Amino acid sequence: ANFYFRIGSYCVLCVVFSAVACVVCVLCHGGRTVRNMSIIKRFVRIFKYFYGIQFETYGEEKLHDDKPCVIISNHQSILDMMGLMEVLPRNCIQIAKRELFYMGPVGLIMYLGGVIFINRKRTSAAMSAMEEVGNTLVQENLKVWIYPEGTRNESYDLLPFKKGAFYLAVQAQVPVIPVVYSSFSSFYHPEKKIFTSGKIKVEVLDPIKTEGLTVTDIPKLLETCHSVMRETFFRLSNKPNENGTNGPTSQPMQ
Ligand SMILES: CCCCCC/C=C/CCCCCCCCCC(=O)SCCNC(=O)CCNC(=O)[C@H](O)C(C)(C)COP(=O)(O)OP(=O)(O)OC[C@H]1O[C@@H](n2cnc3c(N)ncnc32)[C@H](O)[C@@H]1OP(=O)(O)O
Ligand SMILES: CCCCCCCC/C=C\CCCCCCCC(=O)OC[C@@H](O)COP(=O)(O)O
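Read on for a plain summary of the structure. (Residues numbered from 1 in each chain as written. Chains lettered and ligands numbered in written order. Predicted model: local features only at pLDDT ≥ 70, side-chain atom pairs only at ≥ 80, totals over all residues. Heavy atoms only, no water.)

Attention now goes to the overall build of the protein chain. Along its length, the protein chain carries eight helices and nine strands. Since a compact globule built from 254 residues should have a radius of gyration of about 18 Å, the 18 Å found for the protein chain is in line with a globular shape. Based on the C-alpha atoms only, the size of the protein chain along its principal axes is roughly 50 × 50 × 40 Å. Within the protein chain, buried positions represent 51% of all 254 residues. Sequence-distant contacts, at least 24 apart, represent 77% of the contacts inside the protein chain between residues at least 6 apart. Of the roughly 12400 Å² that the protein chain leaves accessible, carbon and sulfur atoms contribute 59%. The averaged location of the 22 negative side-chain charges in the protein chain is 6 Å from the averaged location of its 28 positive side-chain charges. (Helix = DSSP H or I, 4+ residues; strand = E, 2+ residues; numbered from the N terminus. Rg over C-alpha atoms; globule rule 2.2 N^0.38 Å. Buried < 20%, exposed > 50% of the residue type's maximum accessible area, 1.4 Å probe, protein only. Contact = heavy atoms within 4.5 Å. Areas by Shrake-Rupley, 256 points an atom, 1.4 Å probe, with all protein chains shown as cover. Lys, Arg positive; Asp, Glu negative; His and termini not counted. Charge placed at Lys NZ, Arg CZ, Asp CG, Glu CD.)

This part is about the packing of helix 7 (residues 164-172) against helix 8 (residues 218-236). With their axes 10 Å apart at the nearest point, helix 7 and helix 8 run at an angle of 120° to one another. Here helix 7 and helix 8 pass one another in a crossing that is right-handed. Only Ile 218, Leu 221, Leu 222 and Cys 225 of helix 8 make contact with helix 7, whose side of the interface consists of Phe 166, Tyr 167 and Val 170. Its residues placed into classes, the contact of helix 7 with helix 8 shows seven nonpolar, no polar and no charged. (Axes fitted to C-alpha atoms, helices over the stretch in contact; angles between N-to-C directions. Left-handed = near helix turned anticlockwise from the far one by under 90°. Nonpolar A, V, L, I, M, F, W, Y, C, P; charged D, E, K, R; others polar.)

Our next topic: the pairing of strand 2 (residues 69-73). Working note: regular strand, side chains alternate between the two faces of the sheet. The buried fraction of strand 2 is high, at five of five residues. Burial along strand 2 is two-sided: Cys 69, Ile 71 and Ser 73 and Val 70 and Ile 72, pointing in opposite directions, are all buried. Here four bridges tie strand 2 to strand 5 (residues 143-146), and the two strands are oriented parallel to one another. Bridge pairing in strand 5 links Cys 69 to Lys 143. Strand direction decides the pairing type here: strand 2 and strand 6 (residues 176-181), joined by four bridges, are parallel. Directly across from Ser 73, in strand 6, lies its bridge partner Val 179. (Pairing = 2+ DSSP bridges.)

Burial within helix 2 (residues 36-44) is extensive, with seven of its nine residues counted as buried. If you check which residues of helix 2 are buried, you get Asn 36, Met 37, Ile 39, Ile 40, Lys 41, Phe 43 and Val 44. Tucked inside the fold, the buried residues of helix 2 contact helix 1 (2-29), helix 3 (47-51), helix 4 (80-87), strand 3 (92-97) and helix 5 (105-112).

With that settled, consider a nonpolar patch on the surface. On the surface, Val 12, Val 15, Val 16 and Val 20 cluster together to form a nonpolar patch covering roughly 300 Å² of accessible area. With respect to the helices and strands, Val 16 occurs in helix 1. (Patch = residues over 30% accessible without salt bridge, like charges linked within 9 Å, V, L, I, M, F, W, Y side chains within 5 Å. Salt bridge = Lys/Arg side-chain N within 4 Å of Asp/Glu carboxyl O.)

So, on to the pattern of salt bridges. The final tally for this structure, using the stated rule, is nine salt bridges. In this structure, the salt-bridge partner of Glu 86 is Lys 48, at a minimum N-O distance of 3.0 Å. On the criterion of sequence distance, the pair formed by Glu 86 in helix 4 and Lys 48 in helix 3 is long-range, its members being 38 residues apart. Overall, Glu 86 belongs to the buried group, its relative accessible area being 10%. Between Lys 199 and Glu 56 there is a salt bridge, with its nearest N and O atoms 2.8 Å apart. Of this pair, Lys 199 sits in strand 9 (residues 198-204) while Glu 56 sits in strand 1 (residues 53-58), and the two are 143 residues apart along the sequence. Here the salt bridges share partners, and the residues they tie into one network are Arg 45, Lys 48 and Glu 86.

As structure tokens, this is what we get:
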């Protein structure tokens, strides 16, 4: 019962906070702009206190370079929104599945924040939407946050990556910055109806340059990102990987 109450309250908070945030965003900025993300961020960062979720971030300063880039991160559940807002840099929009747009105030606030909605079932439409982002990324000095797994994944591993984030980065010739969240499975497990309090480690990895890369380099770029993120995921989640090592590399943020 506690699981359903906590998940239910999370959704209710999303709806209520979205509705309030929509009013604040329209009053402050008048309409759809990435600047609304800083307002949304303030609202969403309150959620962690309701659920006793703590974040331990490493390397967050790597996201503060005021330059365009593609940020990719692993995606475990709707709780990821808290982790996203914990480290979201300025001028950063997200790519989201179109279904979220139809979720009442949640969809509206995402629209107001500049979120790009894609239809995962229509690859060509999704690709052209992302291509459009690639065309404006540099002149609008935008960052874009993409979940390359393309869906929530509660397995104790990373799914294979979709290619769209890498096409976008190579097209815009901007760096890819991987962000890895440790596994939620110690405190959040839908099958076992577990949703208690817990700590999430977040590590921002070094930017991976794409200058000079072309479409033919995308499989290798994808593989490089996938393996470094997978190794980090195992390390942050204390899951012994192939050579059994674990433990964070950089110092926690002060
Ligand atoms: C105030 C309180 C509010 C509280 C609530 C509201 C809060 C709001 C705040 C904001 C919160 C936002 C949170 C957002 C979270 C949303 C999470 C999601 O919705 S995740 C799901 C959506 N995201 C994605 O799917 C992104 C990853 N997917 C991709 O990038 C895919 O590549 C694609 C969707 C572009 C295409 O899909 P698909 O065909 O399945 O994938 P591929 O295998 O990658 O590609 C197939 C072939 O097409 C080629 N390809 C891919 N992209 C391109 C391209 N751009 N140009 C040319 N060709 C491309 C690719 O090479 C493949 O070809 P192949 O021959 O097989 O190699
Ligand atoms: C007054 C009208 C109310 C309308 C109903 C709104 C009810 C839904 C409320 C909140 C839902 C939580 C959405 C929070 C946004 C989190 C974004 C997210 O992380 O979702 C991604 C996830 O989905 C991916 O879906 P798939 O696993 O790919 O599939």
